[in-house]
Amino acid sequence: MVQERLERAARQVGRSASHIEIVAVTKGHPSAALREVAEAGLPIVGENRVAEAQEKFLEVGRLGLRWHMIGHLQRNKARSAVRLFDVVESVASLRLARKLAVEAERVDREELEVLLEVNVSGEATKGGFAGEEVVEAAPEIVVLPRLRVVGLMTMAPFTSDVEVLRTVFGRTRELFDRCGREVPGFEARVLSMGMSNDFEIAVQEGSTRLRLGTVLFGERPRLIAS
Ligand SMILES: *Cc1c(COP(=O)(O)O)cnc(C)c1O
């Protein structure tokens, strides 16, 4: 069971699992998966494509869940994202942040909670601020109207090499702490890291939010363009 694994990993480093949130990642699964999430009492769902999330929203509605955007967001989808999602975890550039602020104003959304995405491993296929860059960009983002910057998000490389994973998560944690110390207006509350294959290590390295798909729902039946 995921909950037991989460509790064990937290205990090993003297943390409490009750301070770690789970985003149930329903991308690639039909909208019935969102119903399951709501029925199971999990509060948050994660989707990585605006169009797919909109489709599901039309089918099942909000379901009392918090909807998190976790995937690459194109600026031309920013308005739809601002309308649909409670939180955007994948703010990967200053330009996207500015666009989200403009759109939030335009649709009269008072506040949009966001995380800044960092890519500390430098993988070209992944978006996000390259390491240190996030500390330089954050001051320009926290002052944008309508955005509330509450932390960082990262995706580790897909590997079972524990040392690589620890380094990536540990480095992200350092950047998170630095932003919290050095950037007034950056609320260091949420550190979103850890997926199905690496969440226990992420917990040990200080994650406060896991994004879990496969361990909750099994393999995704639909092919995902990420
Ligand atoms: C798909 C996805 C996840 C969940 O992945 P699993 O390996 O199925 O747990 C988490 N975060 C992001 C950004 C994703 O795109």
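The structure under discussion appears in the preceding block.
Criteria and cut-off values
- Residues numbered from 1 in each chain as written.
- Predicted model: local features only at pLDDT ≥ 70, side-chain atom pairs only at ≥ 80, totals over all residues.
- Heavy atoms only, no water.
- Near = heavy atom within 4 Å.
- Polar contact = N/O pair within 3.5 Å; in protein donor to acceptor, adjacent residues only side chain to side chain.
- Areas by Shrake-Rupley, 256 points an atom, 1.4 Å probe, with all protein chains shown as cover.
- Nonpolar A, V, L, I, M, F, W, Y, C, P; charged D, E, K, R; others polar.
- Salt bridge = Lys/Arg side-chain N within 4 Å of Asp/Glu carboxyl O.
- Helix = DSSP H or I, 4+ residues; strand = E, 2+ residues; numbered from the N terminus.
- Phe/Tyr/Trp six-rings, centres within 6.5 Å; stacked < 30°, edge-to-face > 60°.
- Buried < 20%, exposed > 50% of the residue type's maximum accessible area, 1.4 Å probe, protein only.

1. Some details on the site of the ligand
Okay, so step 1: Every residue lining the ligand is accounted for by Val25, Lys27, Ile70, Met155, Met195, Ser196, Arg211, Leu212, Gly213, Thr214 and Arg220.
Okay, so step 2: Within the side chain of Lys27, one N or O atom sits 2.7 Å away from an oxygen atom of the ligand.
Okay, so step 3: Take Thr214: an N or O atom from its side chain is 2.6 Å from an oxygen atom of the ligand.
Okay, so step 4: Calculation on the ligand without its partners gives an accessible area of 390 Å², and the protein chains cover 94% of this total.
Okay, so step 5: Along the lines of polarity and charge, the residues of the shell around the ligand split into five nonpolar, three polar and three charged.

2. Here's the deal with the pattern of salt bridges
Close approach of charged atoms lets side chains of opposite charge pair.
Okay, so step 1: Enumeration over the complete set of coordinates arrives at 23 salt bridges.
Okay, so step 2: A salt bridge links Glu132 to Arg171, with the shortest nitrogen-to-oxygen separation between them at 3.0 Å. On the criterion of sequence distance, the pair formed by Glu132 in the loop between strand E5 (112-118) and helix H6 (133-142) and Arg171 in helix H7 (residues 162-182) is long-range, its members being 39 residues apart.
Okay, so step 3: Taken together, the shared-partner salt bridges in this structure form one network comprising Glu132, Arg171, Glu174, Arg178 and Glu182.

3. A short note on the packing of aromatic side chains
Okay, so step 1: Taken as a whole and judged by the stated rule, the model has two aromatic pairs.
Okay, so step 2: Consider the rings of Phe176 and Phe186, whose centres lie 6.5 Å apart with planes at 75 degrees: the pair is edge-to-face. Highlighted residues: Phe176 in helix H7 and Phe186 in the loop between H7 and strand E7 (190-192), separated in sequence by 10 residues.
Okay, so step 3: In this structure Phe186 comes out as buried when scored by relative accessible area, which is 6%.

4. Thoughts on the side chain of Arg209
Okay, so step 1: With respect to the element layout, Arg209 can be found in strand E8 (residues 209-212).
Okay, so step 2: For Arg209, a relative accessible area of 3% puts it in the buried group.

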